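# Working through the structure, step by step
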Amino acid sequence: MGRNYFGTDGVRGKVGVAPITPELVMKLGYAAGLTLVTREHLPPGEHPAVLIGKDTRISGYMLEAALEAGFAAAGVDVMLAGPIPTPAVAYLTRALRLQAGVVISASHNPFYDNGIKFFSADGSKLPDAVEAEIEARLDEPMGCVDSAGLGKARRIEDAAGRYIEFCKSTFPNELDLRGLRIVVDCANGAAYNIAPKVFHELGAEVVAVGAEPNGLNINDGVGATRPENLRKAVLAQGADLGIALDGDADRLMMVDHTGEIYDGDKLLYVVAQSRHADGKLDGVVGTLMSNLGFEHAIGRLGVPFARAKVGDRYVLEQLHERGWKIGGENSGHIICLDRHTTGDGIVSALQVLAALKQRGTSLAEACADLVFYPQRLINVRMPNGFDWSADSGIANAQARAEQTLGESGRVLLRPSGTEPLLRVMVEGRDGALVDRLARQIADAVEHAFG
């Protein structure tokens with residue numbers, strides 16, 4: 001069946017516009033709750049239970065209440081974790097033996113957007129079949145179980161503390177971060193009161209920025225999608241390293257003491273190198289956006305490499321299918337299945353830091369073998385429903401670019417899974433040529449809808 005509500009990462013949109021309205025989100029909670037009730041085989045009288053976490057958007061209060069009401073109407077108990085990273089919900093759902101986890105977040109989007117995404121009992125993204133079942137129920141009238149069967153809600157007071165200890169447990173016991181001055185940019189998001197504590201408790205001197213959320217400033221000029229803010233802070237503070245997370249803390253960017261920015265491809269390479277040196281690397285999954293230089297560097301390690309569609313859920317699918325443990329995106333989603341069931345910005349940062357500590361090396365030294373091809377990405381805003389793939393002008397511009405590049409580059413056009421954008425990516429050996437070809441294709445896209 002078609003996906004009318006769920007995108008590549010749950011249900012997302014502008015607050016107040018369907019599907020992110022109180023009414024629809026309450027129905028979503030009810031539909032998800034009914035799906036759990038029918039799928040779970042619990043002892044008589046025992047209710048399914050879910051965990052709800054959220055980031056720091058002002059709309060989170062409203063949507064949390066709506067979800068809670070929907071789940072309760074379906075006979076599902078709710079545990080409220082408050083502001084907490086997306087991967088923390090995945091961990092706590094599994095640790096508390098709950099039937100599902102729910103995150104209220106629009107990740108790296110502005111504050112006026114929000115979204116709902118689900119984790120299954122084992123802490124992984126909800127399977128497509130379950131999402132399809134929830135979608136089908138969203139089109140049915142909402143009901144309510146008998147009063148005696150209604151779900152209850154309670155708050156988990158130690159959710160943040162539990163997750164902090166979990167993050168620290170993924171860092172080798174014999175290592176610490178003493179002697180390091182680290183700037184941690186929390187994007188005014190879900191990790192504002194968690195990430196600085198993790199790195200501080202492991203011994204680092206921590207300077208926290210983007211750690212004063214007010215409901216409206218999440219991702220606003222800060223975080224992993226705005227790494228220049230971290231770069232400036234690292235240089236101003238004379239720090240050894242900088243770590244930037246996004247609004248729900250599942251993305252990671254880093255900066256070294258010189259101000260050099262390290263994206264997901266570079267950080268994934270540092271982790272992959274370390275795992276390979278320890279004899280613990282079977283293969284690496286990237287995406288269609290992973291740089292050719294990254295693919296070639298993994299190949300020089302003698303390690304298999306595979307590309308998934310863009311989106312961390314597709315990286316996860318490939319990892320599970322191949323039985324591999326390490327994968328990620330250049331946007332900063334890094335997945336280490338030997339440490340967590342999902343992508344986690346804090347845990348990924350700890351894996352990079354552990355690799356540097358174990359090898360006695362710097363980020364620059366660890367990435368010395370990486371030679372990236374110039375890559376230009378242009379986001380073109382387009383009308384909802386515009387069929388860009390059927391436009392001959394766009395197709396001709398893409399074909400001309402591919403013919404010009406030959407085997408020395410790539411062209412990729414793909415719609416965003418979360419915003420009304422067409423992403424135009426061109427990659428090749430000649431940076432000036434790459435820029436020119438990307439601009440020509442972007443101009444063709446803009447011309448197509450006037």
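What comes next concerns the included structure. Worth saying up front: this structure is predicted, and the values here are computed from it rather than measured. Residue numbers here run from 1 along each chain, matching the order of that chain's written sequence. Selection of residues for local features in this predicted model requires a pLDDT of at least 70, selection of side-chain atom pairs for listing and counting requires 80 or more, and totals for whole chains, interfaces and linings are taken over all residues. Note: side-chain values were computed over all heavy atoms of the structure, leaving out hydrogens and water.

### With respect to the sheet that holds strand E10 (residues 252-256)
Think of it this way: DSSP has to see at least two bridges between two strands before they count as a pair. Starting at the N terminus, helices and strands are each numbered in turn, a helix being any DSSP run of H or I of at least four residues and a strand any DSSP run of E of at least two. One open sheet holds the 5 strands; their spatial order is E8-E7-E9-E10-E11, and the pairing between them is mixed. Strand pairing shows two members of the sheet lacking a second neighbour, strand E8 (205-209) and strand E11 (261-262), which therefore form its edges. Relative to strand E9 (residues 241-245), strand E7 (residues 181-185) runs parallel, the two being bridged by 4 bridges. Bridging across to E9, Val183 finds its partner in Gly242.

### Brief notes about the packing of helix H1 (residues 22-39) against helix H4 (residues 128-138)
Axis definition: a line fitted to C-alpha atoms, over the contacting stretch in the case of helices. Angles run 0 to 180 degrees between N-to-C directions. Two elements in contact, H1 and H4, have axes separated by 9 Å at closest approach and are oriented at 125°. By the criterion of interaxial angle, the relationship of H1 to H4 is oblique. Pair H1 / H4 crosses with right-handed handedness. Counting all contacts with H1, which are made through Leu24, Lys27, Leu28, Ala31, Ala32, Leu34, Thr35, Thr38 and Arg39, the residues of H4 involved are Ala129, Val130, Glu133, Ile134, Arg137 and Leu138. An angle below 35 degrees is treated as roughly parallel, one above 145 as roughly antiparallel, one from 65 to 115 as roughly perpendicular, and anything else as oblique. For any helix crossing, the convention is left-handed if the near helix is rotated counterclockwise from the far helix by under a right angle, and right-handed if that rotation is clockwise. The contact criterion used throughout is that any non-hydrogen atoms of two residues lie within 4.5 Å.

### A word on the side chain of Asp55
Examined against the element boundaries, Asp55 turns out to sit in the loop between strand E2 (49-54) and helix H2 (59-73). For Asp55, a relative accessible area of 3% puts it in the buried group. Definition of a polar contact: a pair of N or O atoms within 3.5 Å, with one able to donate and the other able to accept a hydrogen when the atoms are protein atoms, and with sequence-neighbouring residues admitted only if both atoms are side-chain atoms. One polar contact links Asp55 to Arg57, side chain to side chain, over a distance of 2.7 Å. For Asp55, the side chain forms a polar contact with the side chain of Ser105, separated by 2.7 Å. Excluding anything up to four places from it in sequence, Asp55 contacts Pro83, Ile104, Ser105, Ala106, Ser107, Ala190, Ile218 and Gly247. Remark: exposure states derive from per-residue accessible area (1.4 Å probe, protein chains only) relative to the maximum for the residue type, with buried under 20%, exposed over 50%, and partly exposed in between.

### A few points about the sheet that holds strand E13 (residues 305-308)
An order of E13-E12-E14-E15 is seen for the 4 strands of this open sheet, with the pairing classed as mixed. The open sheet has two free edges, formed respectively by E13 and strand E15 (334-336), since each of these has just one partner strand. On average, each strand axis in the sheet is tilted by 20° relative to the strand beside it, whichever way the strands run. Here strand E12 (residues 284-287) pairs with strand E14 (residues 326-328) via 2 bridges, running parallel. From the neighbouring strand, Val284 faces E14, where its bridge partner is Ile326.

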